[in-house]
Amino acid sequence: MERIYYLLLLLAGGLFTSCGKPAVKVVDYNGDDVYVCDFFNVSDQPVELRLSDFVDSLRVVRLADDTNAIIGNSQVYLSEHYIMVRPDWKSAIKLFDSDGNYLNDVGKIGRGPGEYGSVQDMQIDEENGRIYVMPINTFFLYTYDLEGNYVGAVRLAGGFPKGKFEVKDSCVWAVTIPFKGKVKWAAIYQALDGELLDSVAATPFVVNPDYSHELFVDRANRSIYFSIWNVKKQDA
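Residues numbered from 1 in each chain as written. Predicted model: local features only at pLDDT ≥ 70, side-chain atom pairs only at ≥ 80, totals over all residues. Heavy atoms only, no water.

(A) The sheet that holds strand β16 (residues 185–191), seen in detail. Spatially, the four strands line up as an open sheet ordered β14-β15-β16-β17, and their pairing is antiparallel. Two strands lie at the open edges of the sheet, namely β14 (163–168) and β17 (196–201), each paired on one side alone. Between one strand and the next, the sheet's axes are offset by a mean angle of 10°, whatever the strand orientation. Alignment of β14 against strand β15 (residues 171–176), held across six bridges, turns out to be antiparallel. Looking at β15, one finds that Phe165 is bridged to Ala174. (Pairing = 2+ DSSP bridges. Helix = DSSP H or I, 4+ residues; strand = E, 2+ residues; numbered from the N terminus. Axes fitted to C-alpha atoms, helices over the stretch in contact; angles between N-to-C directions.)

(B) Spotlight on a nonpolar patch on the surface. A surface patch of nonpolar side chains, amounting to about 650 Å² of accessible area, comprises Val47, Leu49, Leu51, Phe54, Val55, Leu58 and Val60. Tracing the backbone shows Phe54 in the loop between β5 (32–36) and β6 (75–78). (Patch = residues over 30% accessible without salt bridge, like charges linked within 9 Å, V, L, I, M, F, W, Y side chains within 5 Å. Areas by Shrake-Rupley, 256 points an atom, 1.4 Å probe, with all protein chains shown as cover. Salt bridge = Lys/Arg side-chain N within 4 Å of Asp/Glu carboxyl O.)

(C) Structural context of the packing of aromatic side chains. One pass over the full model with this rule turns up three aromatic pairs. With a centroid separation of 6.0 Å and 85° between ring planes, the pair formed by Tyr142 and Tyr150 is classed as edge-to-face. Overall, Tyr142 belongs to the buried group, its relative accessible area being 16%. Three or more aromatic residues link up through ring pairs in this structure, and these residues are Tyr142, Tyr144 and Tyr150. (Phe/Tyr/Trp six-rings, centres within 6.5 Å; stacked < 30°, edge-to-face > 60°. Buried < 20%, exposed > 50% of the residue type's maximum accessible area, 1.4 Å probe, protein only.)

(D) A look at the side chain of Thr176. Assignment of secondary structure puts Thr176 in strand β15. Exposure remark for Thr176: the relative accessible area of 0% places this residue in the buried category. Reaching out from Thr176, the side chain makes a polar contact with the backbone oxygen of Lys162 at a distance of 3.1 Å. (Polar contact = N/O pair within 3.5 Å; in protein donor to acceptor, adjacent residues only side chain to side chain.)

(E) The sheet that holds strand β7 (residues 82–86), seen in detail. Spatial strand order, β6-β7-β8-β9: four strands in an open sheet with antiparallel pairing. Looking at strand neighbours, the two that pair on one side only are β6 and β9 (102–106), the edges of this open sheet. In this sheet, adjacent strand axes meet at a mean angle of 20° when their direction is disregarded. Bridge analysis of strand β8 (residues 93–97) against β9 gives four bridges, and the strand direction is antiparallel. By the bridge assignment, Leu95 is partnered in β9 with Asn104.

(F) Structural context of the pairing of strand β4 (residues 25–29). Where β4 lies against β5, five bridges are found, and the strand directions are antiparallel. Bridge pairing links Asp28 to Asp33 in β5. Between β4 and the antiparallel strand that follows it, β5, lie two residues; Asn30 among them carries a positive phi value of about 55°.

(G) Up close: the environment of Tyr77. Within the fold, Tyr77 resides in strand β6. For Tyr77, a relative accessible area of 23% gives the class partly exposed. Through-space distance from the C-alpha of Tyr77 to that of Met122 is 7.1 Å; in sequence the pair is 45 residues apart. With sequence-adjacent residues up to four places away left out, Tyr77 is seen in contact with Tyr82, Ile83, Met84, Met122, Gln123 and Ile124. (Contact = heavy atoms within 4.5 Å.)

(H) Structural view of unusual backbone geometry. We note that Asp169 has phi near 50°; this positive angle belongs to a residue other than glycine. With respect to the helices and strands, Asp169 occurs in the loop between β14 and β15. A positive phi angle is found at Ser170, which is not glycine, with a value near 65°. With respect to the secondary-structure elements, Ser170 resides in the loop between β14 and β15.

(I) A look at the environment of Ile177. With respect to the secondary-structure elements, Ile177 resides in the loop between β15 and β16. Owing to a relative accessible area of 0%, Ile177 belongs among the buried residues under this scheme. Once the C-alpha coordinates of Ile177 and Glu214 are considered, the two residues, 37 residues apart in sequence, prove to be 7.4 Å apart.

(J) Layout of the pattern of salt bridges. Inspection of every chain in the model, using the stated rule, returns five salt bridges. Close ionic contact of Asp105 with Lys94 constitutes a salt bridge, the shortest N to O distance being 3.1 Å. Placement of Asp105 in strand β9 and of Lys94 in strand β8 is noted, with a sequence separation of 11 residues between them. With relative accessibility at 8%, the residue Lys94 sits in the buried group.

Right under this line is the structure:
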């Protein structure tokens, strides 16, 4: 069984630190090892983290230096044969093959059909030759072919001001930060034709719509886990 490890790393004074008393605990979670470090027992002693503890192999891919493929601080999505990169909100998504060769842009920046600005999430469906893109503040997933051409949109059952998604088996699950007064569902599961199959109401999880929150999604073992973090300024 593939082992999946979760490790909470604390950044203190610009250095990763180790745990004091008690030591890091390893607990079982659905058959996987979860490493737990108590925030209140962190010492200032450095700890060595080995990459081999987390991955079986490593491959470094140099992306093409084509002028059409320039990227900066980027969001990256990997599939078996492709690397998809979202450079910034001013540039279109770039598609590379697994060897780093630039293939094409996916869609383009704008306000027309199939055009986007800021992007929240994206996915490559190699089996069906599709790319899915979720813009910020949307009711749709934009759909493209592997040549980057816009082919249509999937209407979502609710609004997604800041969301994540995944398409599987002709269905899509999607989660969002549930802004108060703006969304009905915190999470949905629906068919690609729009039929709502299951949902999680937003009411128990609503937050103020000020973007001082972040959404984290874990796609481990074909199950979907998500958490919403609320960042607040602490009075001195």
